[in-house]
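Tertiary structure, described
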Amino acid sequence: MEQLTLTTPSLLFSAISLLMLAYTNRFLSYAQLVRSLKEKFLKEKDSTFLPQIENLRKRLKLIRDMQIYGILSLLLCVVSMFFIYIQMYTVAAYIFGIALILLIISLAICVREIQISIRALDVHLHDMEI
C-alpha cells in the first residue's frame, strides 16, 4: 500500500462539503413541504394528505441518515489526518478506509431517497393522466 499523505484525506473535504450542502437543501425543501402539507391537512382534514406526509417522513429520515454518514466520513478524514500527522500511517489508512465506506453508505442512501422521491412524483403525474 502506498503511504498516505495529509493531502489524501483532505481531498474529500470539498466533495463532502458540497454533498452536505445538497443534503441540507433537500432537507430544507422537504421541511417546507411538510409544513405546507400539515397546514393544508389541518384546514381541510383530507386524509389524502396522510400518505404524502408519511412519504415525506421516510424521506426526511433518509436525509438525516445521509447527513450523519457524511459528517462521520468527514470527521474520520480529519482523524485520519491527525494520525498521519503523528506518523501512525497504518492506523490512518484504516480510519481513512472507514471514512470512504461511510461516504459510500451516505451516497447509497441518497440514491434510495432519490428513488422514493421519483416514485412520489410519478404518483402525482399519474393523477393528471386521463
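The structure contained in this document is the topic of the report that follows. (Residues numbered from 1 in each chain as written. Predicted model: local features only at pLDDT ≥ 70, side-chain atom pairs only at ≥ 80, totals over all residues. Heavy atoms only, no water.)

**Side note on the nonpolar core**
- Within the largest apolar cluster, 26 residues are counted, with the highest numbers of intra-cluster contacts made by Leu4, Leu12 and Met66.
- Breaking this core down by element, the ones donating at least two residues are α1 (7-44), α2 (49-85) and α3 (89-128). (Core = buried A, V, L, I, M, F, W, Y, C linked by side-chain atoms within 4.5 Å. Buried < 20%, exposed > 50% of the residue type's maximum accessible area, 1.4 Å probe, protein only. Helix = DSSP H or I, 4+ residues; strand = E, 2+ residues; numbered from the N terminus.)

**What to know about the pattern of salt bridges**
- A complete count under the given rule lists five salt bridges for this structure.
- Across the pair Arg26 and Glu113 runs a salt bridge whose closest N-O atoms are separated by 2.5 Å. With a gap of 87 residues between them, Arg26 in helix α1 and Glu113 in helix α3 connect regions that are remote in the sequence.
- The salt bridge partner of Arg59 is Glu113, with a shortest N-O separation of 3.8 Å. In this pair, Arg59 sits in helix α2 while Glu113 sits in helix α3, placing the two residues 54 residues apart along the sequence.
- With relative accessibility at 8%, the residue Arg59 sits in the buried group. (Salt bridge = Lys/Arg side-chain N within 4 Å of Asp/Glu carboxyl O.)

**Brief notes about the state of the cysteines**
- Scanning the model with the defined rule gives zero disulfides in all.
- The thiol of Cys110 is not disulfide-bonded; the next cysteine sulfur, from Cys77, is found 18 Å away. (Disulfide = S-S within 2.5 Å.)

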